[in-house]
Every structure is written in structure tokens, then in C-alpha cells.
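# Observations on the model geometry
The lines below spell out each chain.
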Amino acid sequence: MTKHSKPLLFGFVLATILSLLYWNTRTEGREYYLRMGDRLRDIQRIDAVLNQDILKSCSRALGDYDSLNRGLTDLRESGRSLLRDAPVGGDIGVDLRAALDELLATLDEKEQLVEEFASRNAVIKNSIDYLPIAAADMAETDQKGGDGRVSEIANAFLGEILLYTLTGDSGQIARLEERIEALRRIAGGLPPNRRDRLSLLADHARMIVRQKRQVDSVVARLLAVPIPRRGTDLQEIYQRAHDRDLERAGIVQAGLYLFSIVLVMVMVNVMRQLRAGTIEVNRANENLERRVRDRTEALFQNNQALVQEVAERKRTEDHLNHAIAAADSANRAKGEFLANMSHEIRTPMNGIIGMTALALANDLTPETRTYLGMVKSSADSLMAIINDILDFSKIEAGKLTLDPQPFRIRDVLPDALEPLAALAHSKGVELVCRVDPSVPNSMVGDFGRLRQIVFNLAGNALKFTEKGEVVVRVVAGTARTGEVELGIAVCDTGIGIRADRLAAIFESFTQADGSTTRKYGGTGLGLTISRRLAELMGGRLWAVSELGKGSTFYLTANLGIGSSLALSPPPFWAKGLRVLVVDPNATTRGVLEEMLGQWRMRPAVAGSQGDALGELLRAAESGEPFSVLLLEGSLTGSDVIGLLERMRSLPALAETVVILLATVGHLEPFRWRGQAVSMVAKPVRPSNLLEAIGRETSLGRRGSSERPPARPEAPAARSLRLLLAEDNPINQKVAVRLLERQGHTVTVAGNGRIALDALGRGDFDAALFDVQMPEMDGLEAVAELRRREEGTGRRLPVIALTAHAMKGDRERCLAAGMDVYLTKPIRIEEIRQALAALLPSAHEAGDAVEPQPVQRLSIAGQPLARRR
Amino acid sequence: MDVADPGDRLPSESVGNIVSRHDVSTWHLRKQIMSKHSFLLAAGLILAALSGCLAYWARGSFPTRAKTAATGQAIPDPSREPIRPVPPPAESDPDKVALGHRLFHDRRLSGDDTISCAHCHDLTKGGTDRLSHSTGIDSELGTINTPTVFNSGLNFKQFWDGRAATLEDQIEDPIHDPKEMNSTWPAILSKLRGDPTYVASFASLYPAGIDSSSIKDAIATFERSLVTPDSRFDRYLRGDMDAIDVVEKEGYRLFKVYGCASCHQGAGVGGNMYARFGVMANYFADRGKVTREDLGRFNVTGKEKDRYRFKVPGLRNVALTAPYFHDGSAPTLEAAVNVMAKYQLGREIGLEDTTRIVRFLGTLTGEYQGSLLK
């Protein structure tokens, strides 16, 4: 450190001295002094011109005073600029400022004199100009009534005065004053009008005599104003300062020369030392080189061995890399193959499932029906397996992304569980769904995937539960602002899982017990996929279980809180409504009681028919009879009828409305007292129940109506003309049959171009477009269709049907101008809903689809696309 | 130098000042001079010769008299006339002029946001308010007649008593005068700095932004642009003999002969010197009730010789700026000309000559932004 800092410091000091010296030799003052000299000369020149102008004005050669003012302004400006540029301090600063102040004072003096000159000169001019007029006036009045003598005197006097203005001879003044007095005396003896004129003449003459003297003295003083001398003084001061600067610069220059010489000598010395040092260093270098050569040779030997080893390792590494790359590509190929294959397999599978469903709808022998039923269930199982594999391979490839949409969990969760209700019903297991009030009504998330998990968990639970109940509970925890941590617990009363197997069930291709596979079926992929999906949603999936008593699967997921769909307040009419819930399952009773309580109704519960009757009677006696009886429909039909019969026999209960709770498809339309009894599907969707209570008690806005129970596959209220664009003949057939069974008329087009031609010719209510078609695909065709519609004011509702089910498909379809996006296999219920939403007039109001104003995006945003 | 050179028109012109060919009465006089007082003639010739020499010395060469072929009328030689055409305005930044225009019309420059510069200097009223005394803040009556803002850049000093050397200095007085705008720079600056449009305009034109000197510079720059060139009289001076009619030409001749042009000369037809109000008679004694304002320049210098001495007002656009004089006492130009004749010349000049001079004064009305001032 010190070794390096010393020369550095030395260099710095040297550089500072040098630059200081150089700076001081700069004679930039030269320019300044030259400029100041120019300005001083300017002042003297302007002053001279000003004096000329004054003399010109004096002799009437200059008619106006503008040039005088201009000269003064220029002088003042030059003086001020000198003061502005004068150095503030220093030995010359003081002298210079004093001299400049003197100059400015002199300029002020000049200005005042010029002002005085202008005023007085104007007066003289005025009077001189007037004299001839006055004399002429005198002559005129003389001619009229005078003797001419006066005008003669006046004229003679006029001449003298004019001569005086030219010569300015002060010796004349006394004589002229006398003449003026004489004139006044003459005037005194004249008649008034002539007297006035002569007096005026005398006045002007006196004005001239007096002012002339003044003006002459002012001019003399003006010309004597010592501006040139001031300029010369200043010039001298500047010159002095300049000389002093030059002198100082000379000294510094000499110093610089001296210093440079010393510096050169030092350099020469340093160079010599450097040379000597270099020779020594060279000698040392030679020694060193020799030693290095020796060492290098030894090293070289070692190196040879090392190089060989490195080469070998490199070869090994290459091998390894090749192997890894091969393995990677094989894995990727496998993943892609699986994804492709699943997709390829799905197309024929859709055909099998669709055709089997059609076949089952015909009149069949029991034997054939059994066979076909087995075909159908086998195909369904195969489809489920294929879907699982597709999902799994997507997850493995990291290609699965979520598709968040706003959804209302209270409405969509019961819908999602509805397919399981039938299974639960057939096994005699109660499937209950309870959404905690804390859960926001609207959330934003990939409900398709959420449903997949819940469906999987509930399906598993049902699979392993022979009796008792499966309860799906939904709660909400707090998370960050705008987000909610949704918790879903699926609790069953099934066989349970051994503690040491609990972790293993989430692994691929595994079930709790290897032997159960045969009994319960399934790929074992469901839980793995579910757990990965839960993690994608920022949550977890885990289970607790007790062997023989049952299991509970817990799922958490972080979802956004939707803002637009706030929980609507309970209707006013619901307040205080007495409702009796009759259900053998305690959990269901609890859920319904809570639901009714939230609407501010006054629920009571009964577990059996007998208890129910007791409650009904007690309430009737107390004067507060139940308005509504919610009756579990799976109580055996005779029991229900028996209860109803008893109720009919009691007049106090005549007003009580009965609503049946039933699993879809497992209850025949039930008529009592010549009227269809209203039914609500289980698991209970809150909005459906509230609507049914409102309708049946005539309290809700919608009047009572005779409606088929639950949600049947009722034919559309109106027959529609539909265009189907689909290239696969099997899919064509399935779709056509399904749609025709709904009462619609279907025209089939083999590709987009044919479809467009058909649309151009015929009149259609709606169109269904496959996306992938030869020649012209669905996207292209619909985009073209929308172009043609531009300006016509018409917009044909279009439903996209695709087997793709890939991320981004929906966006592409909607961007192309399609209104609803559905995935294959074709599900008639989805199509029915979509058509109802797109063509609201085609269906009855108050059906499963909310009769809201149809908006393309909100329809598209609803989870119509089931992607399992 | 050859005095007898027949091309030398200066001697005859100088004599013409004394004895004009167009004036019958002075013609008469000349005859008398020639016949009876030949020595006076000689004196006149000497005077003429001397004038010629001086003029030659000043100009370096003798001008030649230009004549129009058709009429034979003398074209006025601008350099020989006491009045010069209005020079074109100095080159100035149009943005600064626009900013000054806005400030000139901004009432926020007064203490209670009621009075702008334009309140008294109305550009549509010849640059004045056409009142004998202007009203300032709270309708306070001013003490002196408002001079026009048009051509104020031609004045050698500002105010009737010349107490401000520049237009920039002039702005200080009305702004602080409790009877005029009654404001202060801190108050004005805080108001203008709160206006983003001003902040932007100033920032682009002045490195210092909004401060008193930039405001004054903008207003003064605008005022210097308020010149009124191309009056009919200026066109006449430039050689357009038909720009003014016979009566107006006669008015101009009288204006010179009666000595008005002794003071009212230069480009501004005045505004370049001080003169005592009442040379041949005491105006203030006749008028009575002398106020402080009547003392004129005495208020500035305290010198006795400056008592009743005022800046000679410029007569450009004078037909539009009634009433006249620092006390606003003359309601019409005729009245003003008569007062001037009486107190500066010592006589009455008669209705006919007054009318001719007033007709001539009407030709001094110039143009602003391409259209004749009204």
C-alpha cells in the first residue's frame, strides 16, 4: 500500500502545481480589456454624435429630439454594461468602480442638461416660428386702421431679434431689452386689439432673448461635460490593470519554465535508473525462466496422466448425458403418447357410450337390456380411467393449468354431487351436503377441477361405505384480502383405512389395500390427481381415518372472492314461517334446519312418521300450525301416503303444504288429492328449496303451478331448427338422435363450408359446431358466419362442441364468435341448458336455468363445460 | 461647399419657415423686408447659409428635392420633417407578447382581483379609459388622466412627470398605488403561482419562472408591441401624397408654423422631452385649485425650474384619447388645441385654423394588428 501511494501522491502534487502555474499564465484578461476599450470608444463616439445633434437642434437642422434621447439611452446602456462587467475586488476593482461611478454621474448630468436644453430650445423655436406671424398680423391691422409706423418698427425689431438668434452676441442683449421696453411703451398708446398684438410680439421677443442666453449657457455646459475625459481616465485604469496582469503572467511563466526544466532533469534521472533496474530484472528473469522450465517439465509429466483421466471422465459424462437425454425424451414421448392416445381413444368411446344410451332407450328384451347396461357401465368405467390417465399425464408433464371462473358454490356443489345421489340412494346411504354460512356466495376458482376432487372424494367415500352417511361439509377460513381459504371435508361412515396406509393412498396406482382393487375397482389415480390439483389451487389434501368407523378427507384451496354475486337477503315472506322437516337422517335434518333458520323461518324436525304427526298435531293445537311439511321422499311410499291420509283427516292441517325431498330418478311423480306433489331434488340446492316453498305456499313471487317434479328430461317447450356441423358419422348420429328426442329438427353438415352453405340457405334457430373438421374447421366457419352477420342485426346462437378439452380452447372458441363452449361426450342436459340460456323464449321461465337477461360472457363463464 | 448651388434647397426651405409662399400675410411681409430692410434680407441669407452648412455637416450630402411627375407636389422628405413615421416594433418573442397580453388583462394583479391593467388602458378605447380621472380599486377616483398605452414604448420616460425610466419600472407604481391596484408582489406571485397555466407558460419562457421581474418583462414586452404604424400621416410622410387631403396638409403646415411641432415632434409626435405647461400665460392660476399632480416634474426633482413641467404627451392616435391634459380638463381636441395656443403661444388662433389642426391630428391614428384603431 505505502509502496504504491508514495509515487501516486507525488504525481498528484506535481499535476496540481503544473495546472496552477498554467492557469496563472492564461491572459484571458486580454480579451476583456480589448472589449472594454471598444466600449469606452463607443461611449466617446456616441457622446460626440450627441453633441453634434444638440448643435443641429440649436441651429434648427434637426427637427426632433428622438435622436438625443436615443444617444442618451445608448450612453447609459454602455455605462451600465461597463459596470456590470467590472471586476468586483482586486487592486483595480476599487479604482475602476470609483471611475465608473463618476462616469455614470457625469452621464446623469448630461441627461439633465439635455432635458433642459430640449425644453428651452423648444420655447425659442416656438417663439421664433411665431415672430413672422406676429409681424404679419401687425402689418394687417396697420393696413386696416393704423399708420404703418408700428409695423415698420416691429419689422425692424424682428430683424434684429433674428440676427441675435443667429449670432448669440450677448452684447446685444441690453439694447434688445431696451427695444422691447420701447415696444411695450408704444403698445400702451395703441387701441386694444393692436396693443395686444404688439405686446405679444414683445413677449415672444423677450422669451427669445432670455431663453437664448439660457440655451447658449446650457449648450456650453453640455459640450463641457467631461465624458471624453472620463473615458480616457477609465481607459488608463484598464490599461494599468492589463499591464499588471501581463506582468504577473510573465513571472508565472518564468516559474513554469524553471519548473519544467527541473522536471525534465528529474525525468532523465528516473529513466536512467529505470534502465539500470531493467537490466537487473532481465538477469533475474533468466534465472527464473530456467527454473520454471525445469519445473514445467516435471509438471508436464503429471499433466499427461491427468489429461488421460479427464478424457475418460468426459467420456463417462457424455454417456451419462446421453442416457439422461434419452430417458427424458422417452418420458416426454411417453407423456405425449399417453395424452394423444387418451384423446384418440375418447372419440370412439364417446361413440360407444352414446350409441349404447340410444339403444337402451328403445324397447328391448330384458336380456338385451342387461347386456347393454353392462356395456354402458363398462364403457363409463373405461372412460373414467382414460380421463384419469389423461389428467395424470398432463400433471406429470406440468401442462395442467387452472381456469378460474366465478361460481356460486351453494348452487353448483349440489349439482356436482347429484350423479352420486342415485348411487347413494341405491345403497341406502345418506349423501348430505352442508355449506357453512361463512362461505362466500361467490368465489373465483377452477370449479371444474374443484368438482373433480370433491366428486372423487365423495365417490370414494360412497364406494367404501355400506351403510350410514357421507357428509360433504364446506367451510371458509380467512386468507389474504380478496381471497378465501376454502375447506371441504368429506366424511363417511365406511370401512376406514389403516393408519400405516394413510400416506400411501395418495401415491399413484395405489389403494388402501392391494386386495380391494378387485372388489372396488378404480385406477387408484383419483387421489393422486386430486392431491396434485389441490396443490395447484394453493391448498392441501389429506385424510384421517379409523379402521371400521370411517374416514374423513380434508381438502383446502385458496380461491378468490367474487364481488358481483352477493348473497341475496332472505325474502321477507320467509320470516317466521313454520316448517316441519321429516327425515330419518339426523345430519340431513340438521342441515335443513340450519338452512331454514338462515332464511329466518321457524323449523322443527322429526325423525320418523310418528314423531312428525305428533309435532303437527301439537302445533295445530297451540294455534300455530306448520305451513310447510318437508317430507323425505324415500320413506316408503305407503308411509308417506299414510301420513298424508292422516293429515287429511285433520282439518287443522288442511292448509299445510307438503314438499317431498327425493333423489333424482328414484321417485315416480307423486300425485295426491288429484294434484302433483311438489318435489325437491337431493342433495338439496338451497335456491331450489326456497323457490319450492315460496311457490307452494303462494308466498313467493311466482304463483303456484302444476309442474313436473324435480328436473326431468322434459322435451323442450318449443321445437327448434338446429344445424349440426360434425364430421364424425357416429357422433353425428348420436347428436342427431339426442336432439331429435328433445323434439328439435336437426340438419347435419359434414364440415364448416357445408354448414355455412346450409346456414345461407335455410332458417335456423341455433347451430352446434364441432371444432375439428376437414376442409373448414369450426373456428373458421363461425368467424366467417359472424362476418356475414355484420350489419344485419341478426346473431345466430352457436354452441361449440369439442373433444379437445385443452386449456385455451374455450378462449379460442369464444374469440371466434361462439356463444357457449361444451366438451364431448355430448350430454343432452348441457345442450338443453345452453339452448335455454341462448334462446330463453324457447323454454319455460323458472326452469333450471335462471331467467336472467342473457349475456354471452356470463353464459360462457358458467361451468357448463364438464371436464372430467 | 457651394452655398450658391442652385440644387441647394435648404436655404429657401429655411427662409420658407419664416416666409411661406402659401401664406398671403407672410408674403406681404417678405415684400416689405425686401424693399425697406435689405440688411434683414442679408441676415436671412446668412442664416440660411449657416443652416445649410450645418445641415450639410450633419447629413454629409445635400438631399435632392423629389417631385412627383403628375402633380408636381413636393413629397415630404421624412428626414427633414419634425415628425417621423412610427418605427416597426422591435423583434420580440411572440410567446412573451402573448403572456404579457394575458397578464395585462388579468385582474389578479390587483389586491381584490377587480382591476387589470386593461381596466384603465382599454385597447378598444385607444389604450385609455376615456375618463378624465380613472377609477381604481373600490371605485377610488384617480388623481391624474390616464395616458394611452399605445406607443408608450416610444416615450423617453413614463408617467406625466417622467418618474419611471422604463416600462418595467412604470408597472411598479399602479400595482402598489392604494387608489389603483393596491397590491403587492408577494400577493400577486402567490396568486399566479397557483395557476398551472401560468406556471407552464413562465417555465418555458423564463428560467426563474414566475417572479416580479419576469412578470414585468412579459408585460413590458407586450406593451412594446403596441405600436400603431401605417397611419395616414405616416403614409404621407413616406411619399403617398394622397394619403391626407388638402385641409389636413394645411393643418400640418399650421401645426409646424404655430410652433406646435417644436415640442410635438419625433416618431411619437411628442413624448421625448419635458415642457412647462403655460409658457406665455399661467394656466394653473387661470384654472385654480392647484393640486400636487399639477406640480409635474417638481414632484420628482424638487427643483423650482421643474414646477409645472410635464412630459410632452405623444399625439399618436390623439383623436381617440379624449379627454386631454394631465388633469383631463379638455373634453375635445378643439378645446385642447385652443388651450395650447393660449398658454404655449399666447394667443387665440381662430376656429378655422383650430379645425384644420384638429383635422391634421386625426391623420395620426394608426393601425394595431392590421386594422385602424377605433
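The residue numbers shown here count from 1 along each chain, following its written sequence. Written order determines the labels here, with chains lettered from A and ligands numbered from 1. Restriction of local features to residues with pLDDT of at least 70 applies here, the model being predicted, together with a cutoff of 80 or more for giving and counting side-chain atom pairs; totals for whole chains, interfaces and linings are based on all residues. Side-chain metrics in this entry use all non-hydrogen atoms of the structure; hydrogen atoms and water are not considered.

If you tally the helices and strands in chain A, you get 23 helices and 19 strands. Put simply, chain A has 868 residues, and 46% of those count as buried. We call two residues contacting when some pair of their heavy atoms lies within 4.5 Å. Considering only residue pairs separated by 6 or more positions, chain A has 72% of its internal contacts joining residues 24 or more positions apart. Accessible surface area values rest on a Shrake-Rupley calculation with a 1.4 Å probe, where residue burial reflects the displayed protein chains alone. Accessible area for chain A stands at about 44700 Å²; split by element, carbon and sulfur atoms hold 55% of it. We count a stretch as a helix when DSSP gives it H or I for four or more residues in a row; a strand needs E for two or more, and each element gets its number in order from the N terminus. Think of it in three bands: with a 1.4 Å probe and only protein chains considered, a residue is buried below 20% of the maximum accessible area for its type, exposed above 50%, and partly exposed in between.

In this section: the overall build of chain B. When helices and strands are tallied, chain B shows 16 helices and 4 strands. Out of the 374 residues belonging to chain B, those deemed buried represent 49%. Of the contacts formed within chain B by residues at least 6 apart in sequence, a portion of 65% connects residues at least 24 apart. Carbon and sulfur atoms make up 56% of the accessible area of chain B, which totals about 17100 Å².

A few words now on the sheet that holds strand β18 (residues 798-802) of chain A. Residue and element names in this part refer to chain A. Here 5 strands make up an open sheet; going across it, the order is β16-β15-β17-β18-β19 and the pairing parallel. Each edge of the open sheet is held by one strand with a lone partner, namely β16 (745-749) and β19 (820-823). When strand polarity is set aside, the average angle formed by the axes of neighbouring strands in this sheet is 20°. One requirement defines pairing of two strands: DSSP has to find at least two bridges between them. Bridge count between strand β15 (residues 721-725) and β16: 5 bridges; the pairing is parallel. In the strand pairing of β16, Leu722 is matched with Val746. For helices, the fitted line uses only the C-alpha atoms of the stretch in contact; every axis is such a line through C-alpha atoms, and the angle between N-to-C directions lies from 0 to 180 degrees.

All names here are of chain A. Salt bridges are counted wherever a side-chain nitrogen of Lys or Arg sits within 4 Å of a carboxyl oxygen of Asp or Glu. Scanning all chains against the criterion turns up 59 salt bridges over all chains. Two residues, Arg786 and Asp819, come together in a salt bridge whose shortest N-O distance is 3.1 Å. Here Asp819 lies in the loop between α21 (809-816) and β19 and Arg786 lies in helix α20 (residues 778-789), a separation of 33 residues in the sequence. Residue class for Asp819 comes out buried when judged on its relative accessible area of 5%.

Residues and elements named next belong to chain A. Of all 10 residues that make up strand β5 (residues 483-492), 7 are buried, and the element is covered over most of its length. Sheet topology places strand β4 (residues 469-478) next to β5; 9 bridges connect them, and they run antiparallel. By the bridge assignment for β5, Val474 is matched with Ile488.

This part covers the nonpolar core. Residues enter a nonpolar core if they are buried and are Ala, Val, Leu, Ile, Met, Phe, Trp, Tyr or Cys, with the set joined through side-chain atoms within 4.5 Å. Of all hydrophobic cores here, the largest spans 112 residues; its most connected members are Leu96, Leu198 and Tyr238 of chain A together with Phe233, Phe255 and Leu361 of chain B. Tallying contributions element by element places helix α4 (residues 90-145) of chain A first for this core, with 21 residues. If near-sequence neighbours (up to four positions away) are discounted, Leu198 of chain A is found in contact with Met138, Val150, Ala154, Leu183, Ile186, Ala187 and Leu190 of chain A. Within the second largest apolar cluster, 48 residues are counted, among which are Phe407, Val474, Val490 and Ile529 of chain A.

All names here are of chain B. Of the residues making up helix α6 (residues 167-176), those classed as buried are Leu167, Glu168, Gln170, Ile171, Pro174 and Ile175. Within α6, the buried residues cover an arc of 150° as seen down the axis, which keeps them to one side. Packing partners of the buried residues in α6 comprise α7 (185-193) and α9 (212-224). The directions considered for the arc run from the helix axis to the C-beta atoms.

Residues and elements named next belong to chain A. Across the sheet, 5 strands lie side by side as β9-β8-β10-β11-β14; this open sheet has parallel pairing. The sheet is open, and its two edges are formed by β9 (602-606) and β14 (678-682), each paired on a single side. With strand direction ignored, the average angle separating the axes of adjacent strands in the sheet is 25°.

Residues and elements named next belong to chain B. Following the sequence through the fold, Arg232 ends up in helix α10 (residues 232-237). Note: C-alpha distance between Arg232 and Asp245 (13 residues apart in sequence) is 9.9 Å. Those residues in contact with Arg232, other than ones at most four positions away along the chain, are Ala243, Ile244, Glu248, Thr363 and Thr365.

Moving on, we come to the packing of helix α9 (residues 366-396) of chain A against helix α13 (residues 526-536) of chain A. All names here are of chain A. The geometry of α9 relative to α13 is characterised by a closest axis approach of 10 Å and an angle of 45° between their N-to-C directions. Relative to α13, α9 is oriented oblique. The hand of the α9/α13 crossing is left-handed. Mapping the contact onto sequence places Asp388, Asp391, Phe392, Ile395 and Glu396 in α9 and Gly526, Thr528, Ile529 and Arg532 in α13. Only Asp, Glu, Lys and Arg are considered charged in this grouping, and only Ala, Val, Leu, Ile, Met, Phe, Trp, Tyr, Cys and Pro are considered nonpolar; every other residue, Gly among them, is considered polar. A class-by-class count of the residues in the contact of α9 with α13 yields 3 nonpolar, 2 polar and 4 charged. Any angle from 65 to 115 degrees is called roughly perpendicular, while one under 35 is roughly parallel, one over 145 is roughly antiparallel, and all others are oblique. For a crossing to be left-handed, the near helix must be turned anticlockwise from the far one by less than a right angle; the clockwise case is right-handed.

Attention now moves to the packing of aromatic side chains. Residue and element names in this part refer to chain B. In this scheme Phe, Tyr and Trp rings, the latter by its six-membered ring, pair at centre separations within 6.5 Å, and the angle between planes marks the pair as stacked below 30 degrees, edge-to-face above 60, and tilted otherwise. Inspection of the entire model under this criterion finds 24 aromatic pairs over all chains. Arranged with centres 5.0 Å apart and planes meeting at 75°, the rings of Phe233 and Phe360 form a pair that is edge-to-face. Linking Phe233 in helix α10 with Phe360 in helix α16 (residues 350-362), this pair joins segments that are 127 residues apart in sequence. The class of Phe360 is buried, set by a relative accessible area of 0%. Of the aromatic side chains, those joined through ring pairs into one cluster are Phe277, Tyr283, Phe284, Tyr308, Phe310, Phe325 and Tyr343.

For the rest of this paragraph, the subject is the pairing of strand β2 (residues 430-435) of chain A. All names here are of chain A. For β2, the tally of buried residues reaches 6 of 6 residues, placing the bulk of the element in the interior. Burial along β2 is two-sided: the residues Glu430, Val432 and Arg434 and Leu431, Cys433 and Val435 are all buried. Examined bridge by bridge, β2 and β4 share 6 bridges and lie parallel to one another. The residue of β4 that forms the bridge with Val432 is Val471.

Turning our attention to α9 of chain A. In this model α9 of chain A runs 45 Å from its N-terminal to its C-terminal C-alpha over 31 residues, within 8% of the 45 Å that 1.5 Å per residue would give. Listed in full, the buried residues belonging to α9 of chain A are Leu372, Ala379, Met383, Ile386, Asn387, Asp388, Leu390, Asp391, Phe392, Ser393, Lys394 and Ile395 of chain A. How far a helix is expected to stretch is found by multiplying one less than its residue total by 1.5 Å.

All right, on to the confidence of the model for chain A then. Residue and element names in this part refer to chain A. On a scale of 0 to 100, pLDDT captures the predictor's confidence in every residue. Put simply, chain A has an average pLDDT of 80, and 86% of its residues get 70 or more. Averaged pLDDT values over the elements of chain A bottom out at 34 in helix α23 (residues 856-861) and peak at 90 in β5. Below a pLDDT of 50 lies the segment residues 701-716, which in the model reaches 25 contacts outside its immediate sequence neighbourhood of four places, other chains included. Note on residues 842-868: pLDDT under 50 across the span, and 57 contacts to partners over four residues away in sequence or across chains.

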